[in-house]
Amino acid sequence: MSSENGRSQGKPPEQGEQLALIRESVREAKAKAPKAKPRTWRNAPLAKTLPVARVLVDKGPVHLDRLWDYAVPEELDADARPGVRVRVRFGAGTRNVRGGRREGGGLLDGYIVERVAESDYQGPLAAIAQVLSPEPVLGPALYDLCRSVADRYAGSLADVLQLAVPPRHARIEAEPSPAPLPPPGAPEPGSWSRYPAGPAFLDAVARGDTPRAVWTALPGPHWPQELARAAAAALSSGRGALVVVPDGRAAARVDAALGALLGEGRHVLLTAELGPEERYRRWLAVSRGAVRAVVGTRAAMFAPVRDLGLVAVWDDGDSSHSAQNAPHPHSREVLVQRAVHEKAAFLLGGFGCTVEAAQLVNTGWALPLAAARETVRAAAPVIRTVGDGDEARDAAARAARLPSLAWQAAREGLKHGPVLVQVPRRGYAPRLACERCREPARCGHCAGPLEARDGDGALHCGWCGQETRGWHCAECGGVRLRAQIVGARRTAEELGRAFPSVPVRTSGRDHILDTVPDRPAIVVSTPGAEPVAEGGYAAALLLDGWALLGFPDLRAGEEALRRWLSAAALVRGQTEGGVVVVVAEPTLRPVQALVRWDPAGHAMRELADRAELGFPPVSRMASVSGPPEDVADLLAAAELPEDAEVLGPVPLPVTAAGRPRRPGDPPPGERWERALLRVRPGRGAALAAALKTAQAIRLTRRDGEPVRLRVDPPDIG
DNA sequence: AGCACGCCGACT
DNA sequence: GTCGGCGTGCTC
């Protein structure tokens, strides 16, 4: 890790510096104009000090992403503190009309951002209509955070606020929060001792320093306790801690670990499952400083933890770290910003390693935190690979559609404990098979699985990518194909027949098992839903290699490795006889990284490739999508940074009618295009600002449809 | 987004 | 004259 006064004290990879500068210069220019004495239409009595409130109007016109000055009437002076929710009149109807004055315009919700003595605005100020609640929910730190997140993602402040500030429940606000407990003592390093730099990281956090680390976690069940200890170290320094994990299950485990370490009352769990009222209750406890430590899913990334001492993210490669709502901030990126702005320590951990994490290390912004090679080797299971084409010789293995090696590993493992079988998620990448005899459709060049991309009828090999024309079944001569999705249930049935004396359990999207007992059983699971085995699995079979690696995405390899590592980390270490069999081409890079248990090395090599190709995160990208003429319009109007490269636009696949639409897809039947914009990393803020400005101009003039902007588009490739 | 103002042609 | 088309610009 690095420390605040250490060598790696650098700039974060991306900042809203550019926008901040622009705003600053606008403010300076305005400051030269004589400031008017604040006056209202009716000359109503104003607050004696700081009579002007700078208000962020929520849900106003999207492009009016700025603060508005309102007068603070004397009777609202006490309640109208920075951060409170207010209602204000906003709209053309509020203006003076001829001789008389009329109050028109709608009442809009907003937040007081600050109170100032004078306004830059020359005209008469409208008065704040109402203070909705005296609770200051948008404090200065949270406001600054939302502002910089909006800037980075070319989104509006109001959109970010929607993610960051939960809706109000008056009844909950009326309840008092519990009294804050004194800081706990510094925690023992515990299993952090397995990492050479672990205890030092913990010490630095406990001392009040701000070390930053990218942590490659050892396989096994210790990570929730390790995250809890890191959080406890921050608390012991008198500061707060925030831990963001991908899903509710992981959050519950860290929550339990925090409870075991700190008792009750020093931390809260913040997840969507709580329901709006309980969530607001806990959020308020954090906002009021009654609780200093938070663990939660992505919405918790904005949690207004007081005097933040540590931010931590677990498994940042999991796609649920990206918010579903515009402008789609990613918890890793938001917490990088918070670590810098709020001067907190930073811990990014997982079994895998994303290229973005590798980039943080590569730029020297964070230091690697990993165990010694021999510690890793002992803790990890033995990994064996088997090509998908391997013929099974045993009849039983063939019946279960398992290669011999996988079948043997399962049979052997079942003598010692539960065996995990990871299968592709239904609909993830449908495998094609002969409609008549069910023989899988294979590529004529390399025997890889054929896939139908884009639904345009063309068949491509999932391995070598070559197109196959005029397919016919090698077995029976059939010419019609069907999608053969072998889901968890079918696999479970087949395995049940192959191992009739062993119970078979399944865990998948709709029915997730948390844990399984330490007894022989076959546990079939889709990626991400793997139950924890109490004594570790004796073996695991990873059967979805072709599906994961065949996915046409820049991250396919990284994502396959991440899912394999997550499953394999639940298996006993090799010293306890743990074995993993992965059905995938052994020459492929992610497969080799799994065999060597070297996620960080894999990420570094991926990063080097991306650098060569100019792909993110070595460059910064944004996408513009919409009807072709609107995309062209916006690109023509935008004053892009000089070095910005425009790739495309290219047509997007048309959304088929009736098909469930994923967010970001064009409306059914519409022909949309997408352009990608690329700049070097330091210019990301300038790119976002240019796009946002161009979009705002379009919205003001109301020419054409608004286009969709997305910074860090997820599906490049 | 709304809403008002303003500068044009056709109507009681 | 003046009613109302919608193009343009502002909203503290």
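Predicted model, so just to flag it, every value in this text is computed and none were measured.

A. The environment of alanine 339, seen in detail. Its location among the elements puts alanine 339 in helix H9 (residues 331-341). On the basis of relative accessibility, which here comes to 2%, the residue alanine 339 falls in the buried class. In this structure, the C-alpha to C-alpha distance between alanine 339 and glycine 190, residues 149 residues apart in sequence, is 25 Å. With sequence-adjacent residues up to four places away left out, alanine 339 is seen in contact with Val311, Ala344, Ala345, Phe346 and Trp365.

B. Spotlight on the nonpolar core. Leu142, Val165, Leu242, Val294, Phe302, Phe346 and Val624 are the most contacted members of the largest nonpolar core, which totals 74 residues. Ranked by residue count, the leading element in this core is helix H2 (residues 140-152), at six residues. When sequence neighbours within four positions are dropped, the list of residues in contact with leucine 142 reads Val137, Ala164, Val165, Trp283, Phe302 and Pro304. Within the second largest apolar cluster, 66 residues are counted, among which are Leu310, Leu369, Val532 and Val580.

C. Just the pattern of salt bridges, in detail. The final tally for this structure, using the stated rule, is 40 salt bridges. Across the salt bridge formed by arginine 87 and aspartate 109, the nearest N and O atoms sit 3.0 Å from each other. With a gap of 22 residues between them, arginine 87 in strand S3 (residues 85-90) and aspartate 109 in strand S4 (residues 106-116) connect regions that are remote in the sequence. Looking at arginine 87, the relative accessible area reads 26%, which means it is partly exposed. The partner of glutamate 333 in a salt bridge is arginine 152, and the shortest N-O contact between them spans 3.3 Å. With glutamate 333 in helix H9 and arginine 152 in helix H2, this residue pair connects regions lying 181 residues apart in the sequence. Both residues of the pair, glutamate 333 and arginine 152, belong to the buried class. Taken together, the shared-partner salt bridges in this structure form one network comprising Arg152, Asp316, Arg332, Glu333, Glu356, Arg555, Glu558, Arg620 and Asp712.

D. Fine view of the sheet that holds strand S14 (residues 419-422). Pairing is parallel across the open sheet formed by six strands, whose spatial order is S13-S25-S24-S14-S22-S20. Two strands close off the open sheet at either side, each with one partner strand: strand S13 (382-386) and strand S20 (504-507). Here the average twist between neighbouring strands, direction ignored, is 20°. As defined by bridge partners, S14 adjoins strand S24 (residues 539-542) across four bridges and the pair is classed as parallel. For glutamine 422, the partnering residue across the bridge sits in S24 and is leucine 542. Together, S13, S14, S24 and strand S25 (579-583) form the strand contacts of helix H13 (residues 404-413), whose direction differs from that of S24 by roughly 155°. Running over the sheet, helix H17 (residues 589-596) touches S13, S24 and S25 and is turned about 150° from S13.

E. Inspection of unusual backbone geometry at higher detail. Of the consecutive residues alanine 326 and proline 327, the connecting peptide bond is found in the cis state with omega at 0°. Position of proline 327 relative to the elements: it lies in the loop between strand S10 (308-314) and H9. With a phi close to 60°, aspartate 315 is a non-glycine residue in the positive phi region. You can call aspartate 315 buried: its relative accessible area is 12%. Look at histidine 328: it is not a glycine, yet its phi comes out positive at around 60°. For histidine 328, the position within the fold is in the loop between S10 and H9.

Quick notes on the rules
- Per-chain numbering applies: the sequence of each chain, read as written, is numbered from 1 onward.
- To label them, take the chains in the order written and letter them from A, then take the ligands in the order written and number them from 1.
- With pLDDT at 70 or above as the cut-off, local features in this predicted model cover only qualifying residues; side-chain atom pairs require 80 or more to be listed or tallied, and sums for whole chains, interfaces and linings still use all residues.
- Working from all heavy atoms in the structure, the side-chain values ignore hydrogens and water.
- Strands are runs of DSSP state E lasting at least 2 residues, helices are runs of H or I lasting at least 4, and numbering of each runs from the N terminus.
- A simple rule labels every residue: compare its accessible area, found with a 1.4 Å probe on the protein chains alone, to the largest value its type can have, and call it buried under 20%, exposed over 50%, or partly exposed in between.
- By the convention used here, residues are in contact when the closest approach between their heavy atoms is within 4.5 Å.
- By nonpolar core is meant a set of buried Ala, Val, Leu, Ile, Met, Phe, Trp, Tyr and Cys residues that side-chain atoms within 4.5 Å join together.
- Salt bridges, as used here, are contacts in which a Lys or Arg side-chain nitrogen is within 4 Å of a carboxyl oxygen on Asp or Glu.
- Here, strands pair whenever DSSP counts at least two bridges between them.
- To get an axis, a line is fitted to the C-alpha atoms, and for a helix only the part in contact is used. The angle between two axes follows their N-to-C directions and goes from 0 to 180 degrees.

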